[in-house]
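Spelled out from the first residue to the last, the chains are:
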Amino acid sequence: MNDDDRTRALLHALDRLPGPHHLEHPDGFDRSAARFGAIALRDRLTRDFGRPCSLDEGIQDASFSFRVDVPAEAPGAGLLLAVRLSNYGDLAAVTTPAPDSHDDLDDAVREGALSAADRVRITAALSGLGYRLVPQRLLRRRYDGETWLAAEDHATWWTRFFDHL
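Worth saying up front: this structure is predicted, and the values here are computed from it rather than measured.

> Explanation requested: the packing of aromatic side chains in the structure shown.
Centre distance and the angle of the planes are the two values used to describe a pair of aromatic rings. Inspection of the entire model under this criterion finds four aromatic pairs. On the basis of an interplanar angle of 25 degrees and a centroid distance of 5.6 Å, the ring pair of Trp158 and Phe162 is categorised as stacked. A residue pair is termed a helical-turn pair when its members lie 3 or 4 positions apart in one helix, as Trp158 and Phe162 do in helix H6 (residues 157–162) at four residues. The exposure class assigned to Trp158 is buried, which follows from its relative accessible area of 14%. The class of Phe162 is buried, set by a relative accessible area of 0%. Among the aromatic side chains, those forming a connected cluster through ring pairs are Tyr88, Tyr143, Trp157 and Phe161. For the cation-ring pair, Arg121 lies above Phe49, with the distance from its terminal atom to the ring centre recorded as 5.5 Å. Here the basic side chain of Arg160 rests over the ring of Tyr88, its NZ or CZ set 4.6 Å away from the ring centre.

> Help me understand unusual backbone geometry, please; the structure alone is not making it clear to me.
Leave glycine aside and you will find that most residues have negative phi; peptide bonds, for their part, are mostly trans. The backbone phi angle of Asp61 is positive, close to 55 degrees, even though this residue is not glycine. Topologically, Asp61 is positioned in the loop between strand E1 (54–56) and strand E2 (64–70). The backbone of Asp90 shows a phi angle near 55 degrees, a positive value even though the residue is not glycine.

> Just checking my understanding: could you explain the side chain of Thr7 for this structure?
For Thr7, the location among the structural elements is in helix H1 (residues 3–15). When sequence neighbours within four positions are dropped, the list of residues in contact with Thr7 reads Arg132, Val134 and Leu138.

What counts and how
Here the residue index of a chain counts from 1 through its sequence in written order. Local features in this predicted model are restricted to residues of pLDDT 70 or higher, and side-chain atom pairs are both shown and tallied only at a pLDDT of 80 or more, whereas totals for entire chains, interfaces and linings draw on every residue. To obtain the side-chain values, all non-hydrogen atoms of the structure were used and water was disregarded. Note on aromatic contacts: the rings of Phe and Tyr and the six-membered ring of Trp form a pair at centre separations within 6.5 Å, being stacked when their planes are under 30 degrees apart, edge-to-face when over 60 apart, and tilted otherwise. Where helices and strands are cited, they refer to DSSP runs of H or I of at least four residues and of E of at least two residues respectively, numbered from the N terminus. In this scheme, a residue with accessible area under 20% of its type's maximum is buried, one over 50% is exposed, and one in between is partly exposed, where area comes from a 1.4 Å probe on protein chains only. Placement of a positive charge over a ring is assigned whenever Lys NZ or Arg CZ falls within 6 Å of the ring centre and within 35 degrees of the normal to the ring plane. Working rule for contacts: check all heavy atoms of both residues, and any pair within 4.5 Å makes them a contact.

Coordinates in, geometry out; function isn't part of it.
Rendered as structure tokens:
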């Protein structure tokens, strides 16, 4: 089983967790612990990039509660990066101002939108804090999970774990 298969299996397992009908978080979601992790990530990225990163924690009606923004002047390529932290299983996703423009961070590096050093900074910070980075190529796949979102033609795995519902 390759890494993409393992990640897809994890997404399906998290999708089956018991939770409220609104799908914002599973039963037992600990917002305080999630906030602590988000603050730790913001502080780590601020240190690693040498520029103040910001934390948006006012997110509501979504399957994620926190977003850490790395300012465009921090990364070597001058690209604003946003890290969304899902309310499920310590999943993380990295986006750029145009999230559909790159399948993943490796594509962004190949296309010159992100430096290899900045990719390493992001991935090291996430893994060091226990987050699992989910590539955009998997999140853009049509949602075929267990919830009512499966009946929505536009729903993707991004919708399920990283978007407003």
